[in-house]
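A look at the structure
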Amino acid sequence: MAKQAKRRRTGKPAAGIAALRARVAALEVRAKAVKKAEAARRESETRYRMLAEQSSLGIVIHKGFVIRYANPALATLFGYDSPEELIGVDLRSALAPSDRSRVAEYCAARLQGEPAPPRYRCQAIHKDGTRLWVEVTASRVSWGGEAAVLGTVTDITERKRSEELTRGQTRLLKMVARGGPLPPVLEALTRMIEEHSDGMLASILLLDPDGVHLRHGAAPSLPASYTQAIDGLRIGPDVGSCGSAAYLGEPVVVSKIDTDIRWVPFRDLALSHGLRACWSTPIKSSDDRVLGTLALYYRDVREPGLWELRLIDVATQIAGIAIQRHGAEATLRDSEERYRLVFDRNLAGVFRSTRAGRVLDCNAAFARLLGHPSPEAVLAVNAREFYVDGADRERMLARLRPGETVSNHEMQWRRTDGSVVSVLLNIQEVGHGASACLEGVVIDITDRKRFENTEREAAALRSVAHLANATAHEINNPLAVIVGRLTMLDQRESGPSEREWVTKALTEAKRIQQIVHRMYEITRLEYMP
């Protein structure tokens, strides 16, 4: 018993020592783990700092918007020499006023653990005052044991500019596609490119139909007195920026108006309006004809950068499309007006109908030929009813081919009073598919047919027609040479008396040429078989 008690007494210290040793061993293991974790943390921080320092993205950590850390890329983005200049700066001062409250709401929500956009775009302010578009990716982190915000900042100014420029292009091309007046399109175009370059004053001048003068197109930001002064500018190799660009057909960049020899005649005018630089680029058509010029003015000495060159390229292309379309529409309107005038006032009958015989349109002469009181009355009648012999119409239709004309087709038509008229028909099929229709010109040759009693008289008439036609042709060739030579003399510098003589001679020669041409046309249409 005594020995057992002694063993129990002597076992207590041994157990305590063992426990102590185990605890010390555990502490040593824990210390090693902590030391290892600390080393890993320091290594991780070192790697993170190295990555952050070398990153091309701007990285910032702020608490309550006060910057605690910034990497070199962020300093460069905002125009500072080193990251240290940003430490302690209120980040809100680097945001555009219009975006400050929105970004502040995001940060407050993020720090309180509430939902907030992890990525957003806003405008920032460069050290020199210019604005940048940035994309920010933000998250909540711990900094010095306190909640903070980690943000990566990407400069998307060029991307944003490109997106806005693309939207502007789309908007303007829609305006062009809708048609309408040219001035509003050109003004919208100049305003659009002005929005993409600080201090730019854009102007578009249009080349006059005479090919030697430039006329005002659009210049919403230039002084009216200046645009009025250059309206009607005569182009030439040394006529400012626009006159030279239009004459040479290539861009003319003048970065200093006050020293450029091409601006000598207009230097005082430009400088008095505060204009110091002017870059002009010709606006060209799809076949490389000069249509006008695009000029970009600045109130300081400046040369174009890559962005400005892109703006010029976009603007000249849109302007070229708009000007060409406007010209085509004007030509089409004039053509339609002339066609309508010829259609309505033509002494010959003119009509349009379908192959099935439905009359789509006709002039008053056509209605009179058939004995109807008005063109509207003809529209109610099918063209098949015009023919004395329906087979005549079928033979004529059989001869028709798309794009070809059936000329001088003689047939007999019946008037509303039952009388018969002989007509000479020239007809062609235009259009395709459902839009196809027949267009024809009809001449009443009843009187002529009455007098064709004998083959001899008809042959005599044809001989006269052949002779007149040949005579007109023979006269026309040397006459064309005479008119050409007189035209050259008329355009040459000469004295008043000589110019008066040449002008009078040219007028008379052209009058003779018109008479010969009419003789040729009359004999060809009326008498040639």
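Computed from a prediction, not measured in an experiment: that's the story for all the values here.

Tallying secondary structure elements over the protein gives 15 helices and 16 strands in all. In the protein, buried positions account for 36% of the 529 residues. Taking all contacts inside the protein whose residues are at least 6 apart in sequence as the whole, residues at least 24 apart take part in 48%. As displayed, the protein has an accessible area near 30900 Å², and 55% of this comes from carbon and sulfur atoms.

As a further point, take the pairing of strand 3 (residues 119-125). In regular strands, side chains alternate between the two faces of the sheet. In terms of strand pairing, strand 3 meets strand 4 (residues 131-143) through 7 bridges, oriented antiparallel. Note that in strand 4 the partner of Arg-121 across the bridge is Glu-135. With antiparallel pairing between neighbouring strands as the criterion, strand 3 and strand 4 make up a hairpin whose turn holds 5 residues, including Gly-129 at a positive phi of roughly 100°.

Another aspect to go through is the sheet that holds strand 4. Pairing is antiparallel in the open sheet, where 5 strands are placed in the order 2-1-5-4-3. The open sheet is flanked by strand 2 (66-70) and strand 3, the only strands paired with a single partner. On average, each strand axis in the sheet is tilted by 40° relative to the strand beside it, whichever way the strands run. Running at roughly 135° to strand 3, helix 3 (residues 97-111) makes contact with strand 1 (58-63), strand 3, strand 4 and strand 5 (146-155) of the sheet. Across the sheet, helix 4 (residues 157-178) is in contact with strand 3, strand 4 and strand 5; its angle to strand 4 comes to roughly 130°.

Here the focus is the nonpolar core. Counting residues in each nonpolar core, the largest one holds 30 residues, and the members touching the most others are Leu-189, Ile-193, Met-200, Ile-204, Ile-283, Leu-294 and Leu-296. Those elements that provide at least two residues to this core are helix 4, helix 5 (182-194), strand 6 (201-207), strand 10 (277-284), strand 11 (290-298) and helix 9 (306-345). Here this core gets 9 residues from one element, more than from any other, and that element is helix 9. In this structure, Leu-189 is in contact with Leu-172, Ile-204, Ala-315, Ile-318 and Ala-319, ignoring residues within four places of it in sequence.

What follows deals with the pattern of salt bridges. Counted under the stated rule, the structure contains 20 salt bridges. Lys-63 is the partner of Glu-146 in a salt bridge, and the nearest nitrogen-oxygen pair spans 3.1 Å. Taken together, the positions of Glu-146 in strand 5 and Lys-63 in strand 1 put the pair 83 residues apart, joining distant regions of the chain. One salt bridge in this structure joins Arg-415 and Asp-417, with 3.9 Å as the shortest N-O distance. Arg-415 gets classed as partly exposed once you look at its relative accessible area, which sits at 25%.

Right, let's get into the packing of aromatic side chains. Applying the stated criterion across every chain yields a total of 9 aromatic pairs. Ring centres 5.6 Å apart and planes at 85° place the aromatic pair Tyr-226 and Tyr-297 in the edge-to-face group. One end of the pair, Tyr-226, is in helix 6 (residues 224-230); the other, Tyr-297, is in strand 11, and 71 residues separate them in sequence. The two residues Tyr-226 and Tyr-297 agree in class, both being buried. Seen from the ring of Trp-133, Lys-160 lies directly overhead, with NZ or CZ sitting 4.5 Å from the centre.

With that out of the way, let us pick up the sheet that holds strand 15 (residues 420-430). Ordered by their spatial adjacency, 5 strands build an open sheet running 13-12-16-15-14, and the pairing between neighbours is antiparallel. With partners counted over all chains shown, the strands left at the sheet margins are strand 13 (359-362) and strand 14 (405-414), one partner each. Between one strand axis and the next, the sheet turns through 30° on average, direction left out of account. Examined bridge by bridge, strand 12 (residues 349-353) and strand 13 share 3 bridges and lie antiparallel to one another. Within strand 13, the residue paired with Arg-352 across the bridge is Asp-361. Strand contacts of helix 12 (residues 390-399): strand 14, strand 15 and strand 16 (437-444), with the helix running at about 170° to strand 14, the strand carrying the most contacts.

Counting through the fold element by element, Pro-181 comes out in the loop between helix 4 and helix 5. With 145 residues separating them along the chain, Pro-181 and His-326 place their C-alpha atoms 7.6 Å apart.

We now examine helix 4. With 22 residues, helix 4 extends 32 Å from end C-alpha to end C-alpha; this agrees with the ideal 32 Å at 1.5 Å per step. Within helix 4, burial applies to Thr-157, Lys-160, Ser-162, Leu-165, Gly-168, Leu-172 and Val-176. Of the residues trailing helix 4, Gly-179 is marked for its positive phi of about 80°.

Moving on, we get to the side chain of Thr-157. For Thr-157, the position within the fold is in helix 4. Residue Thr-157 is classed as buried on the basis of its relative accessible area, which comes to 9%. One polar contact links the side chain of Thr-157 to the main-chain amide nitrogen of Trp-133, over a distance of 3.0 Å. Leaving out residues up to four positions away in the same chain, Thr-157 has contacts with Leu-132 and Trp-133.

This paragraph deals with the packing of helix 4 against helix 5. At their nearest, the axes of helix 4 and helix 5 sit 10 Å apart, and the two run at 175° to each other. It follows from the interaxial angle that helix 4 and helix 5 lie roughly antiparallel. Together, Leu-165, Gly-168, Gln-169, Arg-171, Leu-172, Met-175 and Val-176 of helix 4 and Pro-184, Val-185, Ala-188, Leu-189 and Met-192 of helix 5 make up the contact between the two elements. Grouping the amino acids of the contact of helix 4 with helix 5 by side-chain chemistry returns 9 nonpolar, 2 polar and 1 charged.

This next bit is on the side chain of Asp-260. Inspection of the secondary structure puts Asp-260 in the loop between strand 9 (252-254) and helix 8 (267-272). Polar contacts involving the side chain of Asp-260 include one to the main-chain amide nitrogen of Arg-262, which spans 2.9 Å. Sequence-distant contacts of Asp-260, that is, excluding residues within four places in its chain, are made with Val-254 and Arg-267.

Turning our eyes to something else, we now look at unusual backbone geometry. In this model, Asp-288 sits at a positive phi of 75°, which is unusual for a non-glycine residue. Mapped onto the secondary structure, Asp-288 falls in the loop between strand 10 and strand 11. The backbone phi angle of Asn-408 is positive, close to 55°, even though this residue is not glycine. Secondary-structure assignment places Asn-408 in strand 14.

Calculation rules
Residues numbered from 1 in each chain as written. Predicted model: local features only at pLDDT ≥ 70, side-chain atom pairs only at ≥ 80, totals over all residues. Heavy atoms only, no water. Helix = DSSP H or I, 4+ residues; strand = E, 2+ residues; numbered from the N terminus. Buried < 20%, exposed > 50% of the residue type's maximum accessible area, 1.4 Å probe, protein only. Contact = heavy atoms within 4.5 Å. Areas by Shrake-Rupley, 256 points an atom, 1.4 Å probe, with all protein chains shown as cover. Pairing = 2+ DSSP bridges. Axes fitted to C-alpha atoms, helices over the stretch in contact; angles between N-to-C directions. Core = buried A, V, L, I, M, F, W, Y, C linked by side-chain atoms within 4.5 Å. Salt bridge = Lys/Arg side-chain N within 4 Å of Asp/Glu carboxyl O. Phe/Tyr/Trp six-rings, centres within 6.5 Å; stacked < 30°, edge-to-face > 60°. Lys NZ or Arg CZ within 6 Å of the ring centre and 35° of its normal. Expected span 1.5 Å × (residues − 1). Polar contact = N/O pair within 3.5 Å; in protein donor to acceptor, adjacent residues only side chain to side chain. Parallel < 35°, antiparallel > 145°, perpendicular 65-115°, else oblique. Nonpolar A, V, L, I, M, F, W, Y, C, P; charged D, E, K, R; others polar.

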